[in-house]
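Take a look at the letters that make up each chain.
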Amino acid sequence: MHPIYQLRQAIIPLVQDQFGHVFTEEDIPLTPTRKEFTGDYTLVTFPLTRAAKMSPDQIAVVLGDALVAEAGNVVAGYNVIKGFLNIEIQTAMWLSYLEAQSRETLPAFPRLDERVLVEYASPNTNKPLHLGHIRNILLGWSMSQILDRVGYDVTKVQVVNDRGIAICKSMLAWQKFGKGITPASGGIKGDHLVGDFYVRFEEAFKEEYAAWQTTKTAENMWRSVQESADPEKKPVSRDGFFKNYKNTYFNEASELGAEAREMLLKWEGNDPEVRTLWTTMNEWVYAGFQETYDALGVTFDKSYYESQTYLLGRAIVDKGLAMKAFYREDDGSVWIDLTDVGLDKKILLRSDGTSVYMTQDLGTAQDRYSDFKASRMVYVVADEQNYHFQVLFAILKKLKAAYADGLVHLSYGMVELPTGRMKSREGTVVDADDLIAEVIREAREGAEERGESEEIPAEERNEIYRKVGIAALKYHMIKVNPKRRMIFDPKESVDLQGHTGPYIQNAYVRIQSIFRKAGHPQPNATLSGYPLQAGEKELLLLLSEYPVHIQSAADQYDPSHVANYAYAVAKAYHKFYHEYPVLRAESDLAKEVRLHLSLVTGRILKDAMELLGMEMPDRM
RNA sequence: GGUCCCAUAGCUCAAUGGAUAGAGCAACUGCCUUCUAAGCAGUAGGUUGCAGGUUCGAGCCCUGCUGGGAUCACCA
């Protein structure tokens with residue numbers, strides 16, 4: 001049993017008897033004692049001053065004395081500094097806690113018999129995955145692992161945006177310029193091939209548009225704009241005008257635009273030829289995505305495809321109208337008024353009867369609920385869609401959906417480069433596959449420079465480089481609070497030293513190395529009587545906090561809590577490792593205690609990293 | 001303009017309303033004949049954007065301001 005649990009059990013009745021104040025387990029103001037003071041836990045006495053009618057110091061002394069007298073098996077002693085009651089736990093408690101921990105496997109959370117669905121990664125099929133997707137994927141994956149660990153049944157889903165004008169552009173460019181190339185014939189990963197044709201389309205369109213701007217039609221248009229310009233307003237430059245006009249041109253005058261839109265219409269009309277091409281190219285993309293997912297070590301329980309869900313939501317519109325939650329305008333469009341909850345009015349059905357993105361999401365939510373009966377749904381989506389999810393959740397609440405109270409938008413900040421936002425037009429998008437290859441290469445070069453792994457067989461060595469490189473990348477992204485906008489410096493993401501994934505792996509590797517030489521600790525060893533030293537106790541106290549950090553990561557939907565905790569443990573272990581010899585410990589008992597500490601540390605590090613999607617090598 | 005998010009060391013980030021705000025990187029100094037130096041120890045670096053307020057106690061909560069970002073489509 002965790003000493004802090006017993007301490008709480010001792011404190012509650014004492015505080016009630018002495019001061020008539022009732023603490024619950026959760027609101028006892030008990031924190032780990034800061035390093036510069038002696039003690040294990042600190043009770044803050046200020047909240048008791050009113051009930052006790054005493055000064056904080058007096059309260060601390062009264063409680064300290066009572067704890068020593070009545071819970072002497074738990075509390076060894078105390079000191080009081082400025083109203084803070086620093087409590088020292090009996091060493092025997094810590095040793096038996098360590099014994100128990102090394103026998104158990106991992107922190108056990110009761111199963112909750114509640115399903116939570118996590119949506120993460122919503123790629124478009126016209127482009128390969130990039131840095132932003134990586135953040136999304138890592139957050140979603142680790143959040144799923146963490147929710148599973150604290151007791152939920154987790155279902156992981158992705159939404160694939162596989163339809164629309166964008167994929168038609170790729171298809172059209174492939175028809176025009178592809179000469180029948182396939183991923184196999186061109187030796188190109190499928191998602192990259194399709195992405196290349198998307199770029200190819202944009203280039204061709206840009207050329208067409210530039211040529212058109214020199215025509216008489218364009219010239220006349222520009223002239224009439226100038227003539228009708230409001231003299232009060234700042235004049236628009238010719239370039240500026242045509243930049244703004246680009247979309248209109250695409251929709252109204254462009255030949256390529258017309259062809260792409262025609263393709264989209266054919267797609268919607270189930271034209272066999274277009275559908276076949278669409279299926280073929282999307283399959284290429286999925287094979288490519290799968291490679292990237294494999295490299296990142298993530299899986300999904302189910303994929304939803306926009307082509308199958310984009311018409312959903314009509315039934316909900318009818319229901320909303322029947323419930324009078326929605327209303328119909330004279331032109332036939334359907335709206336919801338959310339001004340009463342501080343939002344705006346939102347359209348749900350256009351006047352021509354077609355639906356919008358929001359309607360589709362309403363339908364998809366309902367669809368998923370009938371698929372999985374999840375009481376909670378977590379959407380891992382970038383913060384540019386905060387408003388969208390506010391509205392979506394508010395609508396579902398108005399519709400009294402059964403799952404309305406369990407909706408969470410795990411909103412994460414956009415990933416930017418030191419040079420600013422990623423712009424596909426400027427070629428500054430960091431490709432996921434390139435980045436993965438780069439971090440693994442960096443891990444290899446780092447190891448070869450050190451020249452320590454030469455005796456390891458090549459195959460195992462490559463596996464180590466992969467684990468180390470991927471951990472460097474993943475840890476770099478997952479250690480920061482999700483809602484924070486992230487500046488991603490590629491140079492730093494391949495760092496292998498300091499506050500990094502490999503640093504944590506290294507602590508684990510040191511532990512495994514000790515076990516290879518000294519064997520594992522005795523499962524039923526008795527550790528009592530050992531005088532725990534400061535650095536040993538510091539490590540043990542930190543280890544004992546693990547479940548708290550998993551729980552807070554789950555409660556706050558923030559895996560970075562686990563990441564930062566794992567770093568703290570690794571740091572404490574590195575320090576311990578340097579300070580206290582294990583193989584050459586001063587006594588058998590000391591050696592046994594340190595082996596136990598190492599065992600529990602290794603287990604927690606490995607588990608924490610697994611929750612974050614990182615693998616541990618045994619050697620590096 | 002409305003709404004939401006962010007602002008902490010030169011840079012990237014931590015810090016359940018609790019004590020003297022911590023790490024890493026970069027810089028400098030030590031430590032490999034000793035369990036893996038991807039490590040350890042140390043030096044230096046701060047008016048937590050500004051001004052008020054609440055509190056025994058504020059980086060954290062409230063108000064106002066400044067700066068940055070997102071969003072407010074019959075787009076997705």
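About the cut-offs
- Residues numbered from 1 in each chain as written.
- Chains lettered and ligands numbered in written order.
- Predicted model: local features only at pLDDT ≥ 70, side-chain atom pairs only at ≥ 80, totals over all residues.
- Heavy atoms only, no water.
- Near = heavy atom within 4 Å.
- Polar contact = N/O pair within 3.5 Å; in protein donor to acceptor, adjacent residues only side chain to side chain.
- Helix = DSSP H or I, 4+ residues; strand = E, 2+ residues; numbered from the N terminus.
- Nonpolar A, V, L, I, M, F, W, Y, C, P; charged D, E, K, R; others polar.
- Domains from an automatic or database assignment.
- Pairing = 2+ DSSP bridges.
- Axes fitted to C-alpha atoms, helices over the stretch in contact; angles between N-to-C directions.
- Contact = heavy atoms within 4.5 Å.
- Salt bridge = Lys/Arg side-chain N within 4 Å of Asp/Glu carboxyl O.
- Parallel < 35°, antiparallel > 145°, perpendicular 65-115°, else oblique.
- Left-handed = near helix turned anticlockwise from the far one by under 90°.
- Buried < 20%, exposed > 50% of the residue type's maximum accessible area, 1.4 Å probe, protein only.
- Phe/Tyr/Trp six-rings, centres within 6.5 Å; stacked < 30°, edge-to-face > 60°.
- Patch = residues over 30% accessible without salt bridge, like charges linked within 9 Å, V, L, I, M, F, W, Y side chains within 5 Å.
- Areas by Shrake-Rupley, 256 points an atom, 1.4 Å probe, with all protein chains shown as cover.
- Lys, Arg positive; Asp, Glu negative; His and termini not counted.
- Charge placed at Lys NZ, Arg CZ, Asp CG, Glu CD.
- Expected span 1.5 Å × (residues − 1).

Focus on the protein's contact with RNA strand B
Stage number 1. Near RNA strand B lie 63 residues; those nearest to it are Asp331, Arg450, Arg510, Ser513 and Tyr577.
Stage number 2. Taking the atoms of RNA strand B that fall within 4 Å of the protein, sugar and phosphate contribute 60% of them.
Stage number 3. At a separation of 3.3 Å, a sugar or linking oxygen of RNA strand B approaches a polar backbone atom of histidine 499.
Stage number 4. Asparagine 506 is positioned such that a nitrogen or oxygen atom in its side chain is 3.1 Å from a sugar or linking oxygen of RNA strand B.
Stage number 5. If you list the elements that add at least two residues to the surface near RNA strand B, you get strand S1 (30-32), strand S2 (41-44), strand S4 (84-89), helix H17 (432-450), strand S15 (486-487), helix H20 (501-518) and helix H23 (560-579).
Stage number 6. Among the elements that take part in the surface near RNA strand B, H20 stands out by supplying 9 residues, more than any other.
Stage number 7. Along the lines of polarity and charge, the residues of the surface near RNA strand B split into 28 nonpolar, 13 polar and 22 charged.

Quick look at the domain arrangement of chain A
Stage number 1. Entries for chain A in the domain assignment read domain 1 (3-89), domain 2 (115-160 + 295-322 + 357-416) and domain 3 (165-283).
Stage number 2. Here the C-alpha centroids of domain 1 and domain 3 sit 71 Å apart.

Description of the sheet that holds strand S5 (residues 115-119)
Stage number 1. Strand order in the open sheet formed by 5 strands is S7-S6-S5-S11-S12, with parallel pairing between adjacent strands. Strands with a single pairing partner mark the edges of an open sheet, and in this sheet they are strand S7 (302-305) and strand S12 (407-412). Within this sheet the neighbouring strands show an average axis-to-axis angle of 25°, counted without direction.
Stage number 2. Where helix H15 (residues 357-372) meets the sheet, its contacts fall on S5, strand S6 (153-160), S7 and strand S11 (376-382), and the angle it forms with S7 comes to roughly 150°.
Stage number 3. Against the sheet, helix H16 (residues 386-398) contacts S11 and S12, and its axis sits at roughly 180° relative to S12.

Points about the pattern of salt bridges
Stage number 1. Within this structure, the stated rule accounts for 29 salt bridges.
Stage number 2. Residue glutamate 463 pairs with arginine 466 through a salt bridge whose shortest N-O separation is 2.7 Å. Of the two residues, glutamate 463 and arginine 466 are both situated in helix H18 (residues 458-478); the distance of 3 residues between them amounts to about one turn of the helix.
Stage number 3. Residues participating in the shared-partner salt-bridge network are Arg111, Asp148 and Asp153.

Here's the deal with the packing of helix H4 (residues 91-103) against helix H24 (residues 588-611)
Stage number 1. Between H4 and H24, the shortest axis-to-axis distance is 9 Å and the interhelical angle comes to 50°. Relative to H24, the element H4 is oriented oblique. When you trace H4 past H24, the crossing you get is left-handed. Between H4 and H24, the contacting residues are Leu95, Leu98, Gln101 and Ser102 on the first element and Val593, His596, Leu597, Leu599, Val600 and Arg603 on the second.
Stage number 2. Partitioning the contact of H4 with H24 into residue classes produces 6 nonpolar, 3 polar and 1 charged.

Some thoughts on the sheet that holds strand S9 (residues 334-337)
Stage number 1. Strand order in the open sheet formed by 3 strands is S8-S9-S10, and the pairing between neighbours is antiparallel. Strands with a single pairing partner mark the edges of an open sheet, and in this sheet they are strand S8 (326-328) and strand S10 (345-349). Averaged over neighbouring strand pairs, the angle between their axes works out to 35° when direction is ignored.
Stage number 2. One ladder, built from 3 bridges, connects S8 with S9; its direction is antiparallel. Within the sheet, the bridge partner assigned to tyrosine 327 lies in S9 and is tryptophan 335.
Stage number 3. In the packing of H16 onto the sheet, contacts are made with S8, S9 and S10, and the angle to S9 comes to roughly 90°.

A word on the side chain of lysine 156
Stage number 1. Within the secondary structure layout, lysine 156 lies in strand S6.
Stage number 2. For lysine 156, a relative accessible area of 10% gives the class buried.

Observations regarding the environment of threonine 354
Stage number 1. Within the secondary structure, threonine 354 sits in the loop between S10 and H15.
Stage number 2. A relative accessible area of 29% means that threonine 354 is categorised as partly exposed.
Stage number 3. Those residues in contact with threonine 354 that lie beyond four places of it in its chain are Arg314 and Leu349.
Stage number 4. Of the polar contacts made by the side chain of threonine 354, one reaches the side chain of aspartate 352; its length is 2.6 Å.

A word on the packing of aromatic side chains
Stage number 1. Under the criterion given, the structure shown has 32 aromatic pairs.
Stage number 2. Judged by centre distance (6.1 Å) and plane angle (70°), the rings of phenylalanine 46 and phenylalanine 84 are edge-to-face. In this pair, phenylalanine 46 sits in the loop between S2 and helix H2 (49-52) while phenylalanine 84 sits in strand S4, placing the two residues 38 residues apart along the sequence.
Stage number 3. Overall, the relative accessible area of 35% leaves phenylalanine 84 in the partly exposed class.
Stage number 4. Centroid distance phenylalanine 241 to phenylalanine 242: 5.0 Å. Interplanar angle 70°. Geometry classified as edge-to-face.
Stage number 5. Residue phenylalanine 241 is classed as buried on the basis of its relative accessible area of 14%.

Section: unusual backbone geometry
Stage number 1. Look at lysine 179: it is not a glycine, yet its phi comes out positive at around 50°.
Stage number 2. With respect to the secondary-structure elements, lysine 179 resides in the loop between helix H6 (165-177) and helix H7 (183-186).
Stage number 3. Its identity as a non-glycine residue notwithstanding, lysine 400 has a phi of 55°, on the positive side.
Stage number 4. For lysine 400, a relative accessible area of 66% translates into the label exposed.

Some details on the side chain of asparagine 282
Stage number 1. Turning to its location among the elements, asparagine 282 is positioned in helix H12 (residues 272-296).
Stage number 2. What makes asparagine 282 buried here is its relative accessible area of 3%.
Stage number 3. Once residues within four sequence positions are removed from consideration, asparagine 282 is found in contact with Thr125, Asp162 and Ile167.

A few points about a positive patch on the surface
Stage number 1. Taken together, the side chains of Lys206, Lys243, Arg421, Lys423 and Arg425 present a region of like positive charge at the surface.
Stage number 2. Along the chain, lysine 243 falls in helix H10 (residues 238-252).
Stage number 3. Accessibility expressed as a relative area gives 62% for lysine 243, which makes it exposed.

A short note on the packing of helix H8 (residues 190-213) against H10
Stage number 1. The interhelical angle for the contact between H8 and H10, taken along N-to-C directions, is 120°, at an axis separation of 11 Å. Taken together, the axes of H8 and H10 are oblique relative to one another. The two elements H8 and H10 meet at a crossing, and its hand is right-handed. Facing H8, whose interface residues are Phe201, Phe205, Glu208, Tyr209, Trp212 and Gln213, H10 presents Arg238, Phe242, Lys243, Tyr245, Lys246, Tyr249 and Phe250.
Stage number 2. Considering only residue class, the contact of H8 with H10 consists of 8 nonpolar, 1 polar and 4 charged.

Re H23
Stage number 1. Counted at 1.5 Å a residue, the expected span for H23 with its 20 residues is 28 Å, and the 29 Å between its end C-alpha atoms agrees.
Stage number 2. Of all the positions in H23, only Ser560, Val562, Ala563, Tyr565, Ala566, Tyr567, Val569, Ala570, Ala572, Tyr573, His574 and Phe576 are classed as buried.
Stage number 3. Residues of H23 that are buried make contact with helix H5 (131-149), H18, H20, helix H21 (534-543), helix H22 (546-555) and H24.

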